[in-house]
Amino acid sequence: MTESRPAVDMEKLVSLCRRRGFIFPSSEIYGGLSSCWDYGPLGVELKRNIKQAWWRAVVQQRDDMVGLDASILMHPQVWQASGHVEGFSDPLVECKSCHKRWRSDELESDKCPDCGGELTEPKLFNLMFKTFIGPVEDEANIVYLRPETAQGMFVNFENVLNTTRKRLPFGIAQIGKSFRNEVTTGNFIFRCREFEQMEIEFFVKPGTDKEWFDYWVEERLNWYVSLGIKKENLKLREHTKEELAHYARECYDINYLYPMGWAEMEGIANRGDFDLVEHAKSSGKGLNYYDEETKEHIVPYIIEPSAGVDRTALAVLCDAYDEDVADGEIRVLLHLHPSIAPIKVAVLPLSRKETLAPLSKEVYAELRQHWMTSFDEAQSIGRRYRRQDEIGTPFCVTIDFDSLEDKQVTIRERDSLRQIRVPIESLKNTLQAKLDGEDLFVLPEGGKIWKGG
Ligand code: GAP
């Protein structure tokens, strides 16, 4: 068996993302802000598509899940009850010579990795960002930027139960920003101080939790494969007893083979009844469920698949990156799955001649009703194809002089480089079928293969 290797080095990927408008350093004109990133015109589409694919899979296509969008600022007691005020910290050491700070649990020796200097004793550093609610900046008005979206779902358990009349097992799903004042940063968007999570809190009857835990591990692994990520670049890692979070009975990470090595993309935890019990104690509200069968009130157990949008975006970009040779030149391309590609179709008139403009614009206007479509008439057709390949556009539609006569256009496929000619009237349906995964070379009525190989 061959060892898996990262598909691309980080420098190449960062450069592509910067050059093509996927991801920029935050506040770049001021020199950037450490571990904060801005998603550019293509990055925002990629991220939206990832979130949409997740929502479709876990909310839209299921009977047992509902969505939520809780506020980022929450009552400070939430973070007392959850254990974050007490325990959401990293052990921090400082170099006595160069004053650089490090997480002591990530160091391999007791010397500064940069200058070899002596380190201070570790101090616990809470990762939550603090701010104040209202005009007075005192202890009584401290609030936190949420470090996870999960708590919004626990504290709304009763609201959701009462308004949706869901029965166990059921889940709440949420996508939103979270903030952590991370000590160790770097590795591009892998570890940010502001990031987005896609979290599920799935409430089950105690005793069925193991079964549901296994179910969600499998389900979530398959979701990444459905996004086009190669199976050999995904691995499950079980947490040891020592590293389990204070709330977890069992936890698996879904790791991806990033350029810097295997690292966590999603964590799936069996949280037992920890959260509902703690919030019930702290709020005085009975957060439980009336079981019609046994006529008893029970506190459900919670299975939590918790994914990161940014880490998923990084994984799909790494996994899609490729270089091959086309027309004797090195071609950089992203084999992005059509469902997440930022631009689905590019309309390319063969030349800038006036005569092609009206039909090209007409085709463009029609296609953009359905998908993110781009129009490009600058430079040679070969260069324009390369530009689309580099951003992962699965299909280009070329309008040439024959199109004016025969009302047909050419569809060119990014991965195989093959082309077919189809009537304009069936273009939308053909592209839809291709985007839904149908083989490009199953021809629509009136279509023909234009060029092979
Ligand atoms: N509610 C559980 C929870 O938040 P976590 O393992 O701390 O668990 C879940 O975070 C996911 O959130 C991670 O697997 C990762 O994808 C993402 N994540 C966490 N911290 C992050 C950071 N600093 N930057 C980017 N993504 C992060």
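Here, every reference points to the structure presented above.
Residues numbered from 1 in each chain as written. Predicted model: local features only at pLDDT ≥ 70, side-chain atom pairs only at ≥ 80, totals over all residues. Heavy atoms only, no water.

Caption draft 1: Fine view of the environment of K111. Among the structural elements, K111 can be located in the loop between β5 (101-103) and β6 (123-126). Taking the C-alpha atoms as reference points, K111 and K96, separated by 15 residues in sequence, lie 9.9 Å from one another. Excluding anything up to four places from it in sequence, K111 contacts G116, G117 and L119. (Helix = DSSP H or I, 4+ residues; strand = E, 2+ residues; numbered from the N terminus. Contact = heavy atoms within 4.5 Å.)

Caption draft 2: Structural detail: the sheet that holds β6. The sheet built from 3 strands is open, its strands ordered β5-β4-β6 with antiparallel pairing. The open sheet is flanked by β5 and β6, the only strands paired with a single partner. If you compare each strand with its neighbour and ignore which way they point, the axes differ by 45° on average. (Pairing = 2+ DSSP bridges. Axes fitted to C-alpha atoms, helices over the stretch in contact; angles between N-to-C directions.)

Caption draft 3: Just the nonpolar core, in detail. Of all hydrophobic cores here, the largest spans 60 residues; its most connected members are F22, L46, M265 and L314. The element that contributes the greatest number of residues to this core is helix α9 (residues 309-320), accounting for 8 residues. Sequence-distant contacts of L314, defined by excluding residues within four places in its chain, comprise M10, L13, N187, F188, I189, F190 and Y258. (Core = buried A, V, L, I, M, F, W, Y, C linked by side-chain atoms within 4.5 Å. Buried < 20%, exposed > 50% of the residue type's maximum accessible area, 1.4 Å probe, protein only.)

Caption draft 4: Inspection of the sheet that holds strand β11 (residues 234-238) at higher detail. Spatially, 7 strands are ordered β3-β9-β10-β16-β13-β12-β11 in an open sheet, and the strand pairing comes out mixed. Sheet topology places β3 (65-68) and β11 at the edges, where each strand pairs with a single neighbour. Each adjacent strand pair in this sheet contributes to an overall mean axis angle of 25°, direction not counted. Pairing geometry for β11 and strand β12 (residues 250-258), over 5 bridges, is antiparallel. Each residue of the ladder has a partner; that of L236, found in β12, is I254. Strands β10 (194-204), β13 (261-272) and β16 (301-308) of the sheet are contacted by helix α8 (residues 274-283), whose axis makes an angle of about 60° with β13.

Caption draft 5: Quick look at the site of the ligand. As a matter of local geometry, the ligand sits amid 20 residues, with E148, E182, E199, E264 and M265 nearest to it. The site holding the ligand turns out to be the largest pocket. Within the residue set of the shell around the ligand, elements represented by two or more residues are β10, β13 and β16. The biggest single contributor to the shell around the ligand is β13, with 5 residues. Grouping the amino acids of the shell around the ligand by side-chain chemistry returns 6 nonpolar, 4 polar and 10 charged. (Near = heavy atom within 4 Å. 1 Å grid on protein atoms, 1.4 Å probe; cavity = no way out; pocket = protein on both sides within 12 Å on 5 of 7 lines; lining within 4 Å. Sits in = over half its atoms within 2 Å of the grid points. Nonpolar A, V, L, I, M, F, W, Y, C, P; charged D, E, K, R; others polar.)

Caption draft 6: Just the packing of helix α1 (residues 10-20) against α9, in detail. For the pair α1 and α9, the least separation of the axes is 11 Å and the interaxial angle reads 105°. In terms of their interaxial angle, α1 and α9 are classed as roughly perpendicular. Contacts between α1 and α9 involve M10, L13 and C17 from the former and L314, L317 and C318 from the latter. (Parallel < 35°, antiparallel > 145°, perpendicular 65-115°, else oblique.)

Caption draft 7: Quick peek at the pattern of salt bridges. Applying the stated rule across the entire model yields 37 salt bridges. Linking D389 and R412 is a salt bridge whose minimum nitrogen-to-oxygen distance equals 2.8 Å. Here D389, found in helix α11 (residues 381-391), pairs with R412, found in strand β22 (residues 408-413); they are 23 residues apart in sequence, far enough to count as distant. Look at D389 and you get buried, because its relative accessible area is 0%. Taking the shortest distance from any N to any O, the salt bridge between R414 and D415 comes out at 2.6 Å. Given a relative accessible area of 3%, R414 falls into the buried group. Ionic contacts of the salt-bridge type, sharing partners, join the residues D324, R331, R386, D389 and R412 into one network. (Salt bridge = Lys/Arg side-chain N within 4 Å of Asp/Glu carboxyl O.)

Caption draft 8: Focus on the pairing of β13. Within β13, 10 of the 12 residues are buried, leaving the element largely enclosed by the surrounding structure. Looking at chain direction, β12 and β13 are connected through 9 bridges and run antiparallel. Residue pairing for β13: I254 is matched across the bridge by E266. Between the end of β12 and the start of β13, which pair antiparallel, lie 2 residues. Pairing of β13 with β16, which is carried by 6 bridges, proceeds in the antiparallel orientation. Across the sheet, N270 pairs through a bridge with I303, a residue of β16.

Caption draft 9: Summary view of the state of the cysteines. Tallying each qualifying case throughout the model produces 0 disulfides. For the unlinked cysteine C17, the closest cysteine sulfur is that of C318, found at 8.4 Å. (Disulfide = S-S within 2.5 Å.)

Caption draft 10: Spotlight on the layout of surface pockets. Taken as a whole, the largest pocket holds about 1400 Å³ of empty space. F88, R180, H239, E264 and R311 are the residues nearest the centre of the largest pocket, which is lined by 48 residues in total. Within the residue set of the lining of the largest pocket, elements represented by two or more residues are α4 (84-87), β4 (89-94), β10, β12, β13, β16 and α9. At 8 residues, the largest contribution of residues to the lining of the largest pocket is made by β13. Per-class residue counts for the lining of the largest pocket are 19 nonpolar, 11 polar and 18 charged. (Points joined across faces, edges and corners; volume = space filled by probe spheres on them.)

Caption draft 11: Inspection of α1 at higher detail. When we look at burial in α1, the residues that qualify are M10, L13, L16 and C17. Each buried residue of α1 sits inside an arc of 130° when the element is viewed along its axis, so together they form one side. Downstream of α1 by one or two residues, G21 has phi in the positive range, about 85°. (Arc of directions from axis to C-beta.)

Caption draft 12: View of empty space enclosed by the protein. Enumeration over the complete set of coordinates arrives at 1 cavity of 30 Å³ or more. What the largest cavity holds in volume is close to 40 Å³. What lines the largest cavity is simply P349, S351, R352, K353, L356, A357, S360, K361, F375 and E377. Examining the composition of the lining of the largest cavity, we find that 3 residues originate from one element, helix α10 (residues 357-367), more than from any other. Across the lining of the largest cavity, the residue classes tally to 4 nonpolar, 2 polar and 4 charged.

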